[in-house]
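If you want the building blocks of each chain, they are given just below.
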Amino acid sequence: GPQPRAWWFDANANLHEMNAYQMEQPVISGTTLSASDLMLSFIYWDNWQYVKSERVRGQRAHLIEFYSPYNIENGDSKVRAIIHSKYNALIGADFYDSSNEITKKFDVLSFKKIDGEWMIKTMDYRNKNSGNKTRFTVSRAAIGIKLPLEFFDSSWTGMPPDIPYTRLKPAK
């Protein structure tokens, strides 16, 4: 949402909320994917503008630029989102630094419908600075779950809750 928050469990199963710096750090070993990247938090930035419509990867799409509300010296200053014009679905994004250079991009490769809700199943994420490419595939998903509010309290000392999920079939 507009105030993105994320948590992580340490080796002793203690829950910790990420601070702003941690939200921009890699959360998956061997990648440069951050919690902020995975949450697509840019779609909640208030300052945005429609750029144009054009064909992208053979699909008619709208290009919308979102401008960062944060003054991050080495972070993303804007994101150009690529929205499929027929389905109004995000199919990609280019992330720009303050010099207007693309620093990273992602392309959605597939979607999956679970319990009536569409979600990204597979996406490629490219870091232009490092040259790394990561394919991110969702293999399990929990939709419409209700977690106790206490779970999100930094003083939580319990184990992660047992969450029912749907296992997605691997891509062929």
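Residues numbered from 1 in each chain as written. Predicted model: local features only at pLDDT ≥ 70, side-chain atom pairs only at ≥ 80, totals over all residues. Heavy atoms only, no water.

### Focus: the overall build of the protein chain
Tallying secondary structure elements over the protein chain gives two helices and eleven strands in all. Along the protein chain, helices (α) and strands (β) appear in the sequence β-β-α-α-β-β-β-β-β-β-β-β-β when read from the amino end. Element-wise, carbon and sulfur atoms account for 50% of the exposed surface of the protein chain, whose accessible area totals about 11,300 Å². (Helix = DSSP H or I, 4+ residues; strand = E, 2+ residues; numbered from the N terminus. Areas by Shrake-Rupley, 256 points an atom, 1.4 Å probe, with all protein chains shown as cover.)

### Observations concerning the sheet that holds strand E8 (residues 117-127)
Taken in spatial order, the seven strands line up as E3-E4-E5-E6-E7-E8-E9 in an open sheet, and their pairing is antiparallel. Of all strands in the sheet, those with a lone pairing partner are strand E3 (47-56) and strand E9 (133-137), marking the two edges. This sheet shows a mean twist of 20 degrees between the axes of neighbouring strands, independent of strand direction. (Pairing = 2+ DSSP bridges. Axes fitted to C-alpha atoms, helices over the stretch in contact; angles between N-to-C directions.)

### Here's the deal with the packing of aromatic side chains
Two aromatic rings are characterised by how far apart their centres lie and by the angle between their planes. Across all of its chains, the model carries four aromatic pairs by this definition. Between the aromatic rings of Phe42 and Phe66, the centroid separation amounts to 5.7 Å while the plane-to-plane angle is 65 degrees, which identifies the pairing as edge-to-face. With Phe42 in the loop between helix H2 (35-39) and E3 and Phe66 in strand E4 (residues 59-67), this residue pair connects regions lying 24 residues apart in the sequence. Exposure remark for Phe42: the relative accessible area of 2% places this residue in the buried category. Arranged with centres 5.7 Å apart and planes meeting at 90 degrees, the rings of Phe42 and Phe95 form a pair that is edge-to-face. Separated by 53 residues along the polypeptide, Phe42 in the loop between H2 and E3 and Phe95 in strand E6 (residues 90-96) bring together distant segments of the chain. A relative accessible area of 5% means that Phe95 is categorised as buried. Within the aromatic cluster, the residues linked to one another by ring pairs are Phe42, Trp45, Phe66, Phe95 and Phe106. (Phe/Tyr/Trp six-rings, centres within 6.5 Å; stacked < 30°, edge-to-face > 60°. Buried < 20%, exposed > 50% of the residue type's maximum accessible area, 1.4 Å probe, protein only.)

### Thoughts on the pattern of salt bridges
Within this structure, the stated rule accounts for eleven salt bridges. Notably, a salt bridge pairs Asp107 with Arg57, separated by 2.8 Å at the nearest N-O pair. With a gap of 50 residues between them, Asp107 in strand E7 (residues 102-114) and Arg57 in the loop between E3 and E4 connect regions that are remote in the sequence. With its nearest N and O atoms 3.3 Å apart, the salt bridge here joins Glu65 to Lys78. In this pair, Glu65 sits in strand E4 while Lys78 sits in strand E5 (residues 78-84), placing the two residues 13 residues apart along the sequence. Assessed through its relative accessible area of 5%, Glu65 is described here as buried. (Salt bridge = Lys/Arg side-chain N within 4 Å of Asp/Glu carboxyl O.)

### Focus: a nonpolar patch on the surface
Taken together, the side chains of Val27, Ile28 and Leu38 present a nonpolar region at the surface, about 190 Å² in accessible area. Mapped onto the elements, Leu38 comes out in helix H2. Leu38 gets classed as partly exposed once you look at its relative accessible area, which sits at 30%. (Patch = residues over 30% accessible without salt bridge, like charges linked within 9 Å, V, L, I, M, F, W, Y side chains within 5 Å.)

### Topic: the nonpolar core
In this structure, Phe42, Leu90 and Phe106 are the most contacted members of the largest nonpolar core, which totals 16 residues. Mapped onto this core, the elements with two or more residues apiece are E4, E5, E6, E7 and E8. Among all residues touching Phe106, those that are not within four sequence positions of it are Leu40, Phe42, Leu90, Gly92, Ala93, Phe95, Met123, Asp124 and Tyr125. Residues Val56, Ala61, Ile82 and Ile91 belong to the second largest nonpolar core, which totals five residues. (Core = buried A, V, L, I, M, F, W, Y, C linked by side-chain atoms within 4.5 Å. Contact = heavy atoms within 4.5 Å.)

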